[in-house]
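# Examination of the molecular architecture
So you can see what is in the structure, the chains are spelled out below.
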Amino acid sequence: MGNQLEPTSARQIFSAEGNHEVTFGVGASSLCEYGGYKRVREIFDLSRTLLWRLAREGKITSVSIRERNRLKGRRLYRLSSISRYLQSLEAPQA
């Protein structure tokens, strides 16, 4: 495979239909749609445990990507849902 893509510039998604490449840009004015816990930690400084708990409680959105019949996979978090959750904490409470 020699040519590896930077995670900030492109992401490979493998499906039953074949390989599909999804490209997204990460800049000061834009966020990629999903990120793993390391990316979320870089952006929002939230721990993996807190992310898992917020997703389990339905406060943020996440997806698990894993191969059939595998126990382990990769959990990705929707960055916009994390941003919305944090903004909801700022809202004045009556």
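In what follows, the accompanying structure is described. Each chain carries its own residue numbering, running from 1 in the written order of its sequence. Local features are withheld for residues below a pLDDT of 70 in this predicted model, meaning they are given only at 70 or higher, and side-chain atom pairs are given and counted only at 80 or more; totals for whole chains, interfaces and linings count all residues. In computing side-chain properties, one takes all heavy atoms of the structure into account and sets aside hydrogens as well as water.

With that settled, consider the packing of aromatic side chains. Two descriptors summarise a pair of aromatic rings, namely the distance from one centre to the other and the angle between the planes of the rings. When two rings of Phe, Tyr or Trp (its six-membered ring) have centres within 6.5 Å they constitute a pair, described as stacked for plane angles under 30 degrees, edge-to-face for angles over 60, and tilted for the intermediate range. Inspection of every chain in the model, using the stated rule, returns 0 aromatic pairs. We call a charge positioned above a ring when the Lys NZ or Arg CZ atom is no farther than 6 Å from the ring centre and deviates by at most 35 degrees from the ring normal. One cation-aromatic arrangement involves Arg-48 over Tyr-37; the distance from NZ or CZ to the ring centre is 4.3 Å.

Whenever Lys or Arg places a side-chain nitrogen within 4 Å of a carboxyl oxygen from Asp or Glu, that contact is recorded as a salt bridge. Tallying each qualifying case throughout the model produces 3 salt bridges. In this structure, Glu-33 engages Arg-78 in a salt bridge whose closest nitrogen and oxygen atoms are separated by 2.2 Å. Within this pair, whereas Glu-33 is found in the loop between strand S2 (18–23) and strand S3 (34–35), its partner Arg-78 is found in strand S5 (residues 74–78), the two being separated by 45 residues in sequence. Exposure is judged per residue with a 1.4 Å probe applied to protein chains only, and the accessible area is read against the type maximum: over 50% gives exposed, under 20% gives buried, and values in between give partly exposed. The class for Glu-33 is partly exposed, based on a relative accessible area of 45%. We note a salt bridge from Lys-59 to Glu-57, for which the minimum N-O separation is 3.2 Å. Put simply, DSSP marks the helices as runs of H or I at least four residues long and the strands as runs of E at least two long, and each gets a number from the N terminus on.

Further remarks concern the nonpolar core. Formed by Cys-32, Val-40, Phe-44, Leu-46, Leu-51, Leu-54, Ala-55, Ile-60, Tyr-77, Leu-79, Ile-82 and Tyr-85, the largest nonpolar core amounts to 12 residues. Looking at this core, the elements that each hand over two or more residues are helix H1 (37–44), helix H2 (48–56) and helix H3 (79–90). Among the buried residues, those of types Ala, Val, Leu, Ile, Met, Phe, Trp, Tyr and Cys that are joined through side-chain atoms within 4.5 Å form a nonpolar core.

A separate point is the packing of H1 against H3. Fitted lines through C-alpha atoms serve as axes, helices being fitted only where they are in contact, and the angles separating the N-to-C directions of these axes extend from 0 to 180 degrees. Between H1 and H3, whose axes approach to 11 Å, the crossing angle comes to 40°. In this view, H1 runs oblique relative to H3, as classed from their interaxial angle. Crossing geometry of H1 relative to H3 is assigned as right-handed. Of H3, the residues touching H1 (which contributes Val-40, Ile-43 and Phe-44) are Leu-79, Ile-82, Ser-83 and Leu-86. Partitioned by chemical class, the residues of the contact of H1 with H3 number 6 nonpolar, 1 polar and no charged. Note on terminology: angles under 35 degrees are roughly parallel, angles over 145 are roughly antiparallel, angles of 65 to 115 are roughly perpendicular, and the others are oblique. Handedness of a helix crossing follows the sense of rotation of the near helix relative to the far helix, less than a right angle counterclockwise being left-handed and clockwise being right-handed. The criterion used for residue contact is that any of the two residues' heavy atoms lie within 4.5 Å. For this classification, the nonpolar set comprises Ala, Val, Leu, Ile, Met, Phe, Trp, Tyr, Cys and Pro, the charged set comprises Asp, Glu, Lys and Arg, and every other residue, Gly included, is treated as polar.

Bringing the side chain of Arg-39 into the picture now. Its place among the elements puts Arg-39 in helix H1. In this structure the side chain of Arg-39 is engaged in a polar contact, spanning 2.9 Å, whose partner is the side chain of Glu-42. In the analysis that follows, any N or O atom pair within 3.5 Å is treated as a polar contact, provided that within protein one partner can donate a hydrogen and the other can accept it, and provided that, for residues neighboring in sequence, both atoms belong to side chains.

Turning our attention to the pairing of S5. The side chains of a regular strand alternate, residue by residue, between the two faces of the sheet. One requirement defines pairing of two strands: DSSP has to find at least two bridges between them. By the bridge criterion, 2 bridges tie S3 to S5 in an arrangement that is antiparallel. Each bridged residue has a counterpart across the sheet, and for Gly-35 the counterpart in S5 is Tyr-77. Sheet analysis places strand S4 (residues 62–65) next to S5, joined by 4 bridges and oriented antiparallel. Its bridge partner lying in S5, Ser-62 is registered against Tyr-77.

We now examine the side chain of Ser-81. Tracing the backbone shows Ser-81 in helix H3. Dropping the residues within four chain positions of it, Ser-81 is found in contact with Lys-59, Ile-60 and Thr-61.

This brings us to the sheet that holds S3. Taken together, the 3 strands give an open sheet; going across it, the order is S3-S5-S4, and neighbouring strands pair in antiparallel fashion. Since the sheet does not close on itself, it has two edges, and those belong to S3 and S4, each with one partner.

Keep in mind these numbers describe shape, not what the thing actually does.
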